[in-house]
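Reading the structure
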Amino acid sequence: KTFVFGWRGAAALKLGNLKDALSDLDRAVELDAKDVEAHVWRGEALRLMGRPADALKDLDHFIEASSRCLWGYFNRGLAKDALGDRAGMMADFASAVRVKELAPQIELISRTLGAAPARALSGSLDGAGTSAFMKKGLELAKGVRRWEPYMQNIWMRYQ
């Protein structure tokens, strides 16, 4: 049941129905608080609903459990930025680019934006550039919020 509510909530979020998404994702977390994928989706839903402080709770939990996942860092960084914590957003971006396994994703997002991958990987983007980078990454990944390399290869293959 947890997966049904989590995946249905993620689908509702991607379809723009944030209220239903949040309802399903709340239920998924209620059924299994250890389901970290439901936390990243719920954090994203809360962020998109204009509730970044609430989103941080889920996203902090997700990153603690999945510290090698780009999508948690990007969502948390954007939530921090919405709260006026630009330095916190930049720190999350820097944490993500330090994970060597994430370099192919960073490079692909850079090329899509027409930016030099080395600039993003060095963490030398400004605040507005970092925010745009994170948003573009989440958009390109479509419905992928998992961390396993094979899942990263799936969304990257179709860019």
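Residues numbered from 1 in each chain as written. Predicted model: local features only at pLDDT ≥ 70, side-chain atom pairs only at ≥ 80, totals over all residues. Heavy atoms only, no water.

Our focus in this paragraph is the layout of surface pockets. In this structure, the largest pocket spans a volume of roughly 160 Å³. Along the walls of the largest pocket sit Arg-68, Glu-101, Leu-102, Pro-104, Gln-105, Trp-147, Pro-149, Gln-152, Asn-153 and Met-156, which together make up its complete lining. Taken together, the elements giving at least two residues each to the lining of the largest pocket come down to helix H7 (103–113) and helix H10 (149–157). Top contributing element to the lining of the largest pocket by residue count: H10, with four residues. The residue inventory of the lining of the largest pocket, partitioned by class, reads five nonpolar, three polar and two charged. (1 Å grid on protein atoms, 1.4 Å probe; cavity = no way out; pocket = protein on both sides within 12 Å on 5 of 7 lines; lining within 4 Å. Points joined across faces, edges and corners; volume = space filled by probe spheres on them. Helix = DSSP H or I, 4+ residues; strand = E, 2+ residues; numbered from the N terminus. Nonpolar A, V, L, I, M, F, W, Y, C, P; charged D, E, K, R; others polar.)

Attention now moves to the side chain of Asn-75. Considering the arrangement of structural elements, one finds Asn-75 in helix H5 (residues 70–82). At 3.0 Å, the side chain of Asn-75 and the side chain of Glu-44 are in polar contact. Apart from residues lying up to four places away in sequence, Asn-75 is in contact with Val-40, Glu-44, Arg-47, Leu-59, Leu-138 and Arg-145. (Polar contact = N/O pair within 3.5 Å; in protein donor to acceptor, adjacent residues only side chain to side chain. Contact = heavy atoms within 4.5 Å.)

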